[in-house]
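Here is what each chain is made of, one letter per residue.
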Amino acid sequence: MRKYLIIIALILIAVAIGAYFFLFGKKDVCRNVVPEDARAVLVIDAKQALGQLDFSVSDIFKALKHHQRQKEEDKSGWGIDMLAPMYGFVSSDNYVCGVFALSNAVDFEAKLKAEEIKIESQRGFKWASKGEILLCFDNRKALIMGPVIMGQADAMRGRMVEWMTQRSHKVPILANLKKDDGVINLRSTLAVVPPSFTSQLFGSLNDANLNDIFLNASLRIKERSFLLSTELESEDEEFTNYASEYDKLLRPIDGSKLPASMEEPTLRAVFNVDGEKVLPKLRENFLLRTILVGLNMCVDLDMMIKAIDGDVLVELGGQNVFSPDFAANAQIRNQDFLRNSKDWCSGSSTFGSSCQALGEKDFVLQYAGSQFFFGVLDDLLYLSSDDVKTHRFSAPQSEDEISRVREQAHGKRIYVSVNLARMLDSISAVGTNTGFEKETTSLDRVNVSVTDFRHIEYELTTTERPTDFIKRLLK
């Protein structure tokens with residue numbers, strides 16, 4: 001009996017070693033394709049994905065059986081080695097490229113032909129093109145590039161051959177890629193981002209060299225969430241000054257006195273500011289400056305904003321996501337703006353807006369057929385789409401929910417949480433069918449946490465394990 005147990009144990013060890021090399025022993029045949037002067041690089045690590053998804057041995061064998069069954073039904077698979085590292089990169093002249101390993105080049109070529117894509121042989125490689133996408137492959141790997149216009153195709157083919165035949169070499173942006181446990185890791189210079197986007201994101205960052213500012217990003221799979229962490233890295237003086245001003249404007253959230261406002265909001269945002277420093281920034285925007293001028297003709301809005309000193313909580317909810325109810329509460333240093341409140345409610349209308357007193361510290365502003373309720377309640381400045389006296393926004397929330405928000409928001413400069421289930425319900429309520437309702441039933445929230453100007457995290461939480469969520473999507 002002991003003899004058979006030893007034999008079984010040896011067989012299991014052999015199977016385990018074989019499975020290890022099959023799953024994790026893949027040689028990286030794509031890394032050398034990335035050019036030395038690449039401006040951005042993205043790496044997809046299947047090993048990390050398998051580890052973080054917590055697949056059991058039975059899950060792996062089921063996946064292999066499912067893959068084999070599909071392969072038999074399709075006559076042949078795509079021949080792409082999904083377990084080897086894959087790379088994406090942006091070249092020095094802004095071509096977007098991707099390189100991936102092939103497990104079976106014959107199957108890969110057959111699939112391309114089945115899609116009615118013409119294959120030709122040239123310069124020791126096989127080539128295919130569709131639209132402005134150019135593809136080159138051999139028996140081990142494939143390189144895809146775009147957008148390539150017809151007149152540049154020959155020149156780009158030479159470039160692609162050069163990359164495909166490179167030996168080991170140094171790639172600075174790849175060498176500086178953050179080595180953490182990310183399933184997907186990215187490092188890119190901000191110069192590859194379209195100028196229209198960077199001008200909106202960094203409006204006053206005119207003198208900084210975007211080639212010297214790098215974006216690092218990493219996607220990890222947690223117990224019940226997908227976590228994307230981003231970091232801006234630079235020693236550029238203009239960028240450093242800009243980041244410092246941002247961090248002074250948005251202070252770390254305290255969170256201990258966050259009010260229980262709207263019950264189960266679709267969106268909740270928390271930040272901490274000094275109104276006296278925020279107001280000049282608001283005035284820099286032409287549209288906001290125009291709105292401020294108009295409203296100050298009716299109420300002392302500038303004084304209200306200057307009075308804010310501490311945490312601000314903004315919540316959106318209701319049945320219609322396109323016309324939501326809202327509630328905002330802010331900690332204030334004083335109530336000086338109430339001194340001239342009698343002048344607000346003189347009954348006159350200014351630029352189509354008028355103010356009415358509902359009490360000593362409660363008011364309603366009417367504008368273009370809409371009502372905005374505001375005032376001071378529990379030493380907090382509030383603004384709401386409904387009268388707080390109806391208690392519509394003062395329904396008690398569970399202590400667990402309030403504690404969760406306080407804990408997650410504490411120390412951050414901005415914290416935003418979106419309830420995906422309620423958002424999808426609101427969209428459905430107005431008759432809009434997204435087509436993703438069934439696939440997204442396990443999605444819980446999207447949380448955005450800004451630690452400082454350089455560091456932002458985006459978290460997608462789920463009600464089930466990401467492993468189960470992904471397996472269900474793949475059915």
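Residues numbered from 1 in each chain as written. Predicted model: local features only at pLDDT ≥ 70, side-chain atom pairs only at ≥ 80, totals over all residues. Heavy atoms only, no water.

Overview of the overall build of the protein chain
When helices and strands are tallied, the protein chain shows 15 helices and 21 strands. Restricting to contacts in the protein chain with at least 6 residues of sequence separation, those with at least 24 account for 64%. Carbon together with sulfur atoms contributes 56% to the accessible area of the protein chain, which is approximately 26,900 Å² in total. (Helix = DSSP H or I, 4+ residues; strand = E, 2+ residues; numbered from the N terminus. Contact = heavy atoms within 4.5 Å. Areas by Shrake-Rupley, 256 points an atom, 1.4 Å probe, with all protein chains shown as cover.)

A look at the side chain of Ser 218
Relative to the assigned elements, Ser 218 resides in strand E9 (residues 214-221). Overall, the relative accessible area of 4% leaves Ser 218 in the buried class. In terms of polar contacts, Ser 218 uses its side chain to reach the side chain of Asn 185, at 3.1 Å. Contact partners of Ser 218, with chain neighbours within four places excluded, come to Asp 180, Gly 182, Ile 184, Asn 185, Leu 227, Leu 228 and Ser 229. (Buried < 20%, exposed > 50% of the residue type's maximum accessible area, 1.4 Å probe, protein only. Polar contact = N/O pair within 3.5 Å; in protein donor to acceptor, adjacent residues only side chain to side chain.)

A word on the packing of aromatic side chains
Enumeration over the complete set of coordinates arrives at 11 aromatic pairs. Ring centres 5.1 Å apart and planes at 85 degrees place the aromatic pair Phe 108 and Phe 137 in the edge-to-face group. With Phe 108 in helix H4 (residues 105-114) and Phe 137 in strand E6 (residues 133-137), this pair connects stretches of sequence that are 29 residues apart. Take Phe 108 and Phe 137: they sit in the same class, and that class is buried. With a centroid separation of 5.1 Å and 65 degrees between ring planes, the pair formed by Trp 344 and Phe 363 is classed as edge-to-face. Remark: Phe 363 occurs in strand E16 (residues 362-367) and Trp 344 occurs in helix H12 (residues 341-344); sequence separation between them is 19 residues. The same class applies to Trp 344 as to Phe 363, namely buried. (Phe/Tyr/Trp six-rings, centres within 6.5 Å; stacked < 30°, edge-to-face > 60°.)

So, a nonpolar patch on the surface
Side chains of Leu 287, Leu 288 and Ile 291 sit close together on the surface and give an oily, nonpolar patch of about 270 Å² of accessible area. Residue position: Ile 291 is located in helix H10 (residues 286-296). (Patch = residues over 30% accessible without salt bridge, like charges linked within 9 Å, V, L, I, M, F, W, Y side chains within 5 Å. Salt bridge = Lys/Arg side-chain N within 4 Å of Asp/Glu carboxyl O.)

Considerations on the confidence of the model for the protein chain
When the pLDDT values of the protein chain are averaged, the result is 81; 76% of them are 70 or greater. Confidence over residues 71-76 falls short of pLDDT 50; this stretch has 6 contacts with residues more than four positions distant or in other chains. Here residues 391-395 is a poorly scored stretch, pLDDT under 50, and it has 16 contacts once near neighbours within four places are set aside; other chains count. (pLDDT = per-residue confidence, 0-100.)

Focus on the pattern of salt bridges
Counted by the stated rule, this structure contains 17 salt bridges. With a shortest N-O distance of 3.7 Å, Asp 247 and Arg 413 are connected by a salt bridge. Residue Asp 247 is located in helix H8 (residues 237-249), and its partner Arg 413 is located in the loop between helix H13 (399-409) and strand E19 (414-419); the two are separated by 166 residues in the primary sequence. Both residues of the pair, Asp 247 and Arg 413, belong to the buried class. It is possible to trace a salt-bridge network through shared partners that takes in Lys 178, Arg 187, Glu 231 and Glu 233.

Structural notes on the pairing of strand E7 (residues 141-146)
For E7, a buried count of 5 out of 6 residues is recorded, marking the element as mostly surrounded by other parts of the structure. Direction of pairing for strand E3 (residues 96-101) relative to E7: antiparallel, over a ladder of 6 bridges. The residue bridging Gly 98 from the neighbouring strand is Ile 144, located in E7. The pairing of E6 with E7 spans 4 bridges and is classified as antiparallel. Within E7, the residue paired with Cys 136 across the bridge is Leu 143. Turn length for the E6-E7 hairpin, with the two strands adjacent in sequence and antiparallel, is 3 residues. (Pairing = 2+ DSSP bridges.)

Structural notes on the nonpolar core
Core analysis: the biggest nonpolar cluster contains 31 residues, and Val 41, Tyr 87, Leu 143 and Met 145 have the highest contact counts within it. Ranked by the residues each element gives to this core, the list is headed by helix H5 (residues 153-164), at 6 residues. Setting aside its immediate chain neighbours within four residues, Leu 143 contacts Val 33, Phe 89, Cys 97, Gly 98, Val 99, Leu 134, Leu 135, Cys 136, Met 160, Trp 163 and Met 164. (Core = buried A, V, L, I, M, F, W, Y, C linked by side-chain atoms within 4.5 Å.)

Let's talk about helix H9 (residues 275-283)
Along H9, the residues that are buried comprise Gly 275, Val 278 and Leu 279. On an axial view of H9, the arc spanned by its buried residues comes to 105 degrees, and they lie on one face. Of the surrounding secondary structure, the elements contacted by the buried residues of H9 are H8, strand E12 (267-274), H10, helix H11 (301-307) and strand E13 (308-317). Backbone nitrogen of Glu 276 and a side-chain oxygen of the N-cap are separated by 3.1 Å at the start of H9; the cap is Asp 274. (Arc of directions from axis to C-beta.)

Observations regarding H4
Of all the residues in H4, the buried ones are Ala 105, Asp 107, Phe 108, Glu 109, Lys 111 and Leu 112. Positioned one or two residues after H4, Glu 116 has a phi angle of 60 degrees, which is positive.

Considering the pairing of E3
Burial of E3 is extensive: 5 of the 6 residues sit out of reach of the surface. Where strand E2 (residues 86-90) folds back on E3, the antiparallel hairpin that results is connected by 5 residues, among which Asn 94 adopts a positive phi of roughly 70 degrees.

Side note on unusual backbone geometry
Omega for the peptide link from Gly 146 to Pro 147 comes to -10 degrees, which places this bond in the cis form. Tracing the backbone shows Pro 147 in the loop between E7 and H5. With a phi angle near 60 degrees, Glu 116 is a residue other than glycine that sits in the positive phi range. Positive phi values are uncommon outside glycine, yet Asp 378 reaches one of about 55 degrees.

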